[in-house]
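Here is how the chains run, residue by residue.
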Amino acid sequence: MKRLQTFIFVFVLAVSGLQAQGKFVRVDGPNLVKPNGERLFIQGTNLGNWLNPEGYMFGLQKTNSAWMIDLMIKEMIGPDATADFWQAFRTNYITKADIDFIAQQGANTIRLPFNYKLFTDEDYMGQTGQKRPFLIIDRVVEWCKANGLYLILDMHDCPGSQTGDNIDDGYGYPWLFESERSQQLFCSIWRQIARHYKNEPTILGYELMNEPIAHYFENKDSLYTLLQPLYKRAVKAIRAVDPNHVILLGGAHWNSFFYMFDDWTFDNNIMYTCHRYGGPATKDAIQSYIDFRDQTQLPMYMGEFGHNTMEWQAQFVEVLKQNNIGYTFWPYKKIDDSCMMGIVKPEGWDSTIVRFSEASRNSYQEWREARPNQAEVRRLLMQYAENSRFDRCVPQKDYIESMGLKH
């Protein structure tokens with residue numbers, strides 16, 4: 001009797017698992033397949049800067065990571081007013097109107113970059129303690145669901161830093177790969193996310209980390225060897241609670257090197273993701289990605305590209321389509337252009353905010369001497385937050401046309 005009960009229990013679990021898998025996008029050789037059996041070719045954009053601020057999207061150069069931007073604003077107007085700005089920024093930057101607009105352009109997928117700090121009690125974007133990140137992401141899921149869009153969750157900034165440059169909001173070195181504490185937190189957060197979304201088919205998949213291990217470090221080759229083992233560890237943590245979702249793995253060196261991967265059979269629902277900025281808009285520019293895709297017989301996806309001429313972007317889109325590499329443009333929204341929706345720069349932004357960001361600020365005295373009028377800074381920041389609302393942004397029609405979405 002006990003053996004029979006055990007058999008029935010295992011059988012029910014197996015059937016339930018098969019039924020659940022029928023609701024989700026899955027990997028099928030070099031393709032992604034929708035629950036109805038149709039091939040899914042990813043086309044869309046990235047919601048960059050919203051949950052992972054980057055300096056250049058504010059028109060800043062030297063002050064180029066989230067912690068630097070936050071510190072700069074605190075130096076100008078203090079922590080309370082800074083928290084007020086971040087609250088307005090988060091509320092306005094991405095709303096349902098933005099997701100509706102993206103869908104109307106013909107996209108089928110959105111990539112959502114986020115900072116791991118949203119899932120900790122670390123000070124981030126004006127918040128400490130329990131930030132309840134799922135309230136934010138759940139809203140995006142519902143907006144995507146209403147529009148028939150898929151959502152990729154991208155940990156753009158990992159514990160300990162995975163890249164070693166400004167884009168990981170760290171301190172200039174990929175300590176994640178040398179820190180057991182950071183790796184435990186990394187896996188724990190992904191397991192938490194997977195547990196929450198295990199039954200949500202709007203989520204296409206989990207992109208474990210963005211652009212791991214930049215090329216600046218003398219020991220980069222030894223760091224590259226640590227990437228696949230950490231991926232396997234994180235995948236195992238996710239699979240303990242979620243057997244359903246695709247897991248996306250990026251290559252080293254700005255998501256462009258894949259030669260350090262020699263095992264792609266440890267999970268039956270993984271794929272790889274690449275990035276490309278600049279260079280010729282030709283097949284030769286992505287031949288190594290195509291070769292790796294053909295070798296593994298797993299999907300390859302261009303998670304980021306853009307910031308180029310409209311002609312280059314349109315030509316590159318055609319190359320990607322011809323070679324079965326889905327894509328999401330970077331980014332959806334930023335100051336001025338080179339995006340789908342341009343934020344109008346407030347008058348006085350450059351002469352006040354940008355000027356302070358470029359000033360020498362290495363001591364309290366230099367902070368005081370460079371600090372602009374605080375009332376003017378608060379006005380400009382809140383105007384920026386207001387200008388980031390969908391109805392205040394300017395659609396970049398040539399850019400959108402270059403994305404090849406409506407064809």
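Our subject is the structure listed above.
All residue numbers refer to positions counted from 1 along the written sequence of the respective chain. Confidence filtering applies because this is a predicted model: local features only for residues at pLDDT of at least 70, side-chain atom pairs given and counted only at 80 or more, and all residues used for totals across whole chains, interfaces and linings. Derived side-chain values reflect all non-hydrogen atoms in the structure, with water molecules and hydrogen atoms excluded from consideration.

(A) Examining the overall build of the protein more closely. Secondary structure elements follow DSSP: runs of H or I of four or more residues count as helices, runs of E of two or more count as strands, with numbering from the N terminus. A count of helices and strands for the protein gives 14 helices and 14 strands. In terms of overall dimensions, the protein is globule-like: its C-alpha atoms have a radius of gyration of 22 Å, near the 22 Å expected for 407 residues. Along the first, second and third principal axes, the C-alpha set of the protein runs to 80 × 50 × 45 Å. Expressed as a percentage of the 407 residues in the protein, the buried residues total 57%. In the protein, the share of contacts with a sequence separation of at least 24, taken over all contacts with a separation of at least 6, comes to 74%. Per-residue and other accessible areas follow the Shrake-Rupley method at a 1.4 Å probe size, with only the shown protein chains counted as cover for residues. By element, 51% of the accessible surface of the protein is carried by carbon and sulfur atoms, the whole surface being about 17,300 Å². Asp and Glu count as negative and Lys and Arg as positive, but His and the ends of the chain are not part of the count. A charge is said to be at NZ when it belongs to Lys, at CZ for Arg, at CG for Asp and at CD for Glu. Across the protein, the mean location of the 42 positive side-chain charges is 6 Å away from that of the 48 negative side-chain charges. We take the radius of gyration over the C-alpha atoms and set the globule estimate at 2.2 Å times the residue count to the 0.38 power. Three labels apply to residues, based on accessible area from a 1.4 Å probe with only protein chains included: buried if under 20% of the type maximum, exposed if over 50%, partly exposed otherwise in between. Only heavy atoms matter for contacts: two residues are in contact if any of them lie within 4.5 Å across the pair.

(B) Local environment of the sheet that holds strand 3 (residues 39-40). Paired strands are those between which DSSP finds at least two bridges. Read across the open sheet, the three strands follow the order 1-2-3; overall the sheet is antiparallel. Edge positions in the sheet fall to strand 1 (26-28) and strand 3, since each has one partner strand and no second.

(C) Here's a closer look at the sheet that holds strand 14 (residues 394-395). In spatial order, the strands read 12-13-14; together these three strands make up an open sheet with mixed pairing. Edge positions in the sheet fall to strand 12 (333-335) and strand 14, since each of these pairs with one other strand and no more.

(D) Quick peek at the pattern of salt bridges. Salt bridges are defined by distance alone: a side-chain nitrogen of Lys or Arg within 4 Å of a carboxyl oxygen of Asp or Glu. Tallying each qualifying case throughout the model produces 21 salt bridges. Here Glu75 ties to Arg361 by a salt bridge, and the two come within 2.6 Å at their closest N and O atoms. Residue Glu75 is found in helix 2 (residues 66-93), and its partner Arg361 is found in the loop between helix 11 (349-358) and helix 12 (364-370); the two are separated by 286 residues along the sequence. You can call Glu75 buried: its relative accessible area is 5%. With its nearest N and O atoms 2.8 Å apart, the salt bridge here joins Asp294 to Arg293. Its relative accessible area of 41% is what places Asp294 among the partly exposed residues.

(E) A look at unusual backbone geometry. For the peptide bond that leads from Trp330 to Pro331, omega is -15 degrees, which places it in the cis range. Along the chain, the position of Pro331 falls in the loop between strand 11 (326-329) and strand 12. Backbone geometry places Ile213, a non-glycine residue, at a positive phi of 60 degrees. Position of Ile213 among the secondary structure elements: in the loop between strand 7 (203-207) and helix 6 (220-224). You can call Ile213 buried: its relative accessible area is 0%.

(F) Region of interest: the side chain of Thr202. Along the chain, Thr202 turns up in the loop between helix 5 (180-197) and strand 7. A relative accessible area of 7% places Thr202 in the buried class. Setting aside anything within four residues of it in sequence, one finds Thr202 in contact with Val141, Cys144, Lys145, Leu149, Tyr150 and Leu151.

(G) Structural context of the nonpolar core. What we call a nonpolar core is a set of buried Ala, Val, Leu, Ile, Met, Phe, Trp, Tyr and Cys residues that are connected through their side-chain atoms within 4.5 Å. Of all hydrophobic cores here, the largest spans 129 residues; its most connected members are Leu153 and Phe186. Top element by residues in this core is helix 2. It accounts for 12 residues. If near-sequence neighbours (up to four positions away) are discounted, Leu153 is found in contact with Leu112, Phe114, Ile137, Trp190, Ile193, Tyr197, Ile203, Gly205, Tyr206 and Glu207.

(H) Region of interest: the environment of Tyr399. In this structure, Tyr399 sits in helix 14 (residues 397-402). The exposure class assigned to Tyr399 is buried, which follows from its relative accessible area of 2%. On a C-alpha basis, the gap between Tyr399 and Met341 in space is 9.2 Å, while along the polypeptide they are 58 residues apart. In this structure, Tyr399 is in contact with Met310, Gln313, Phe329, Trp330, Pro331, Ser338, Cys339 and Met340, ignoring residues within four places of it in sequence. Throughout this description, a polar contact denotes any pair of N or O atoms lying within 3.5 Å of each other; where both atoms belong to protein, one of them has to be capable of donating a hydrogen while the other can accept it, and for residues adjacent in sequence the pair is counted only when both atoms sit in side chains. A polar atom in the side chain of Tyr399 sits 3.4 Å from the backbone oxygen of Trp330.

(I) Layout of the packing of aromatic side chains. In this scheme Phe, Tyr and Trp rings, the latter by its six-membered ring, pair at centre separations within 6.5 Å, and the angle between planes marks the pair as stacked below 30 degrees, edge-to-face above 60, and tilted otherwise. Evaluation of the coordinates by the stated rule reveals 40 aromatic pairs. Relative to Tyr272, the ring of Phe258 lies with its centre 6.2 Å away and its plane at 85 degrees, an arrangement referred to as edge-to-face. Here Phe258, found in the loop between helix 8 (252-255) and strand 9 (270-275), pairs with Tyr272, found in strand 9; they are 14 residues apart in sequence, far enough to count as distant. Among the aromatic residues, ring-to-ring pairing joins Phe41, Phe305, Trp312, Phe316, Tyr327, Phe329 and Tyr399 into one connected group. In our convention, an over-ring charge means Lys NZ or Arg CZ found within 6 Å of a ring centre and within 35 degrees of that ring's normal. Across the ring face of Tyr93, the terminal group of Lys333 is positioned such that the distance to the ring centre comes to 5.3 Å.

(J) Quick peek at the packing of helix 3 (residues 96-104) against helix 4 (residues 133-147). Between N-to-C directions, angles span 0 to 180 degrees; the directions come from axes that are lines fitted to C-alpha atoms, helices contributing only their stretch in contact. With their axes 9 Å apart at the nearest point, helix 3 and helix 4 run at an angle of 35 degrees to one another. You can see that helix 3 and helix 4 cross each other, and the crossing is right-handed. Residues Lys96, Ile99, Asp100 and Ala103 of helix 3 touch helix 4, and the partners they reach there are Trp143, Cys144 and Asn147. Put simply, Ala, Val, Leu, Ile, Met, Phe, Trp, Tyr, Cys and Pro go in the nonpolar bin, Asp, Glu, Lys and Arg in the charged bin, and everything else, Gly too, in the polar bin. The residue inventory of the contact of helix 3 with helix 4, partitioned by class, reads four nonpolar, one polar and two charged. Two helices cross in a left-handed way if the nearer one is turned anticlockwise from the farther one by less than a right angle. They cross in a right-handed way if the turn is clockwise.

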